[in-house]
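Structural overview for review
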Amino acid sequence: MSSPIQRRVGQVFVPVIDMQAAIRWYADLLGFEPGDASHGGTIFDVPTDGETRLALDANRPDVDGGGPPRFFLWTDDMAATVQHLRALGVTITSDVEDIGSVLFVQFEDPDGNALMVCQRT
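Calculation notes
- Residues numbered from 1 in each chain as written.
- Predicted model: local features only at pLDDT ≥ 70, side-chain atom pairs only at ≥ 80, totals over all residues.
- Heavy atoms only, no water.
- Buried < 20%, exposed > 50% of the residue type's maximum accessible area, 1.4 Å probe, protein only.
- Helix = DSSP H or I, 4+ residues; strand = E, 2+ residues; numbered from the N terminus.
- Arc of directions from axis to C-beta.
- Contact = heavy atoms within 4.5 Å.
- Polar contact = N/O pair within 3.5 Å; in protein donor to acceptor, adjacent residues only side chain to side chain.
- 1 Å grid on protein atoms, 1.4 Å probe; cavity = no way out; pocket = protein on both sides within 12 Å on 5 of 7 lines; lining within 4 Å.
- Points joined across faces, edges and corners; volume = space filled by probe spheres on them.
- Nonpolar A, V, L, I, M, F, W, Y, C, P; charged D, E, K, R; others polar.
- Expected span 1.5 Å × (residues − 1).
- Pairing = 2+ DSSP bridges.
- Lys, Arg positive; Asp, Glu negative; His and termini not counted.
- Salt bridge = Lys/Arg side-chain N within 4 Å of Asp/Glu carboxyl O.

1. Digging into helix α2 (residues 78–87)
An α-helix turns once every 3.6 residues. As a result, residues three or four positions apart point the same way. What α2 keeps buried is the set Met78, Thr81, Val82 and Leu85. What you see down the axis of α2 is that its buried residues fit within an arc of 95°, all on one side. Away from the buried face of α2 by more than 90 degrees, exposed residues Ala79, Gln83 and Ala87 are located. Buried positions along α2 lie against α1 (19–30), β5 (91–92), β7 (102–108) and β8 (114–120). Its side-chain oxygen at 3.3 Å from the backbone nitrogen of Ala79, Asp77 defines the N-terminal cap of α2. Just beyond α2, the residue with positive phi is Gly89, at close to 75°.

Here it is in C-alpha cells:
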C-alpha cells in the first residue's frame with residue numbers, strides 16, 4: 001500500500017502559555033540564545049539539529065500538555081543530562097529507566113508538558 005504522505009516528522013508543536021518564559025526555559029534547557037517569537041508572538045522556532053523542527057506554540061493555551069511524552073530528545077550522556085535538569089530545577093517525573101535499547105528519563109516543562117530524553121545503550 002502506498003501513500004502520498006511521507007513518514008517523516010516535519011515539526012513538533014509544544015503548547016505553552018507564557019511565550020517569553022517558555023523561550024527562556026527551553027533556551028536554558030537546550031543551550032541556545034533566546035530570540036523573538038513570530039506570528040504575532042505566538043510561535044517560537046527552537047533551533048534544532050537535523051530535519052525535525054520544534055516550535056513553542058501559544059495559540060492554544062487551553063491545550064492540556066499532560067499525558068505521555070509526545071516526542072523525545074537524544075543525549076549521549078544521561079548522567080550529565082540528569083545533573084543539568086536538576087541544576088535548572090526541572091521537575092523530573094521518572095527515574096532513569098533502562099529498557100535495553102535506550103535509557104530514558106521523563107520530566108516536565110513549566111506548562112506541564114511531558115518531555116523525555118533518551119540515550120542509546
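2. Examining the environment of Thr93
Mapped onto the secondary structure, Thr93 falls in the loop between β5 and β6 (97–98). The spatial distance from the C-alpha of Thr93 to the C-alpha of Val14 is 18 Å, given a sequence separation of 79 residues. In this structure, Thr93 is in contact with Gln106, Phe107 and Glu108, ignoring residues within four places of it in sequence.

3. Remarks on empty space enclosed by the protein
Under the criterion given, the structure shown has 1 cavity of 30 Å³ or more. Roughly 60 Å³ of volume is contained in the largest cavity. Elements with a minimum of two residues in the lining of the largest cavity: β1 (11–15) and β8. For the lining of the largest cavity, the element with the highest residue contribution is β1, accounting for 3 residues. A per-class count over the lining of the largest cavity returns 6 nonpolar, 1 polar and 1 charged.

4. Observations regarding α1
With 12 residues, α1 ought to run about 16 Å at 1.5 Å a step, and its terminal C-alpha atoms sit 16 Å apart, in line with that. Taken together, the buried positions of α1 are occupied by Met19, Ala22, Ile23, Trp25, Tyr26, Ala27 and Leu29. Where α1 is buried, its residues meet β1, β2 (43–46), β3 (53–57), α2, β7 and β8. Capping of α1 at its N-terminal end is provided by Asp18; its side-chain oxygen lies 3.3 Å from the backbone amide nitrogen of Gln20. Just downstream of α1 lies Gly31, where phi reads positive at about 75°.

5. Here we look at the pairing of β2
With 4 bridges joining them, β2 and β3 adopt antiparallel strand pairing. Each bridged residue has a counterpart across the sheet, and for Phe44 the counterpart in β3 is Leu56. Joining the antiparallel neighbours β2 and β3 is a turn of 6 residues, in which Gly50 adopts a positive phi near 95°.

6. Digging into the side chain of Asp57
Examined against the element boundaries, Asp57 turns out to sit in strand β3. Salt bridges are absent for the buried Asp57, whose nearest opposite-charge side chain, Arg60, sits at 8.0 Å. For Asp57, the side chain forms a polar contact with the main-chain nitrogen of Asn59, separated by 2.8 Å. Ignoring anything within four residues of it in the chain, the contact list for Asp57 reads Phe13, Val14, Pro15, Val16, Met19, Thr42 and Ile43.

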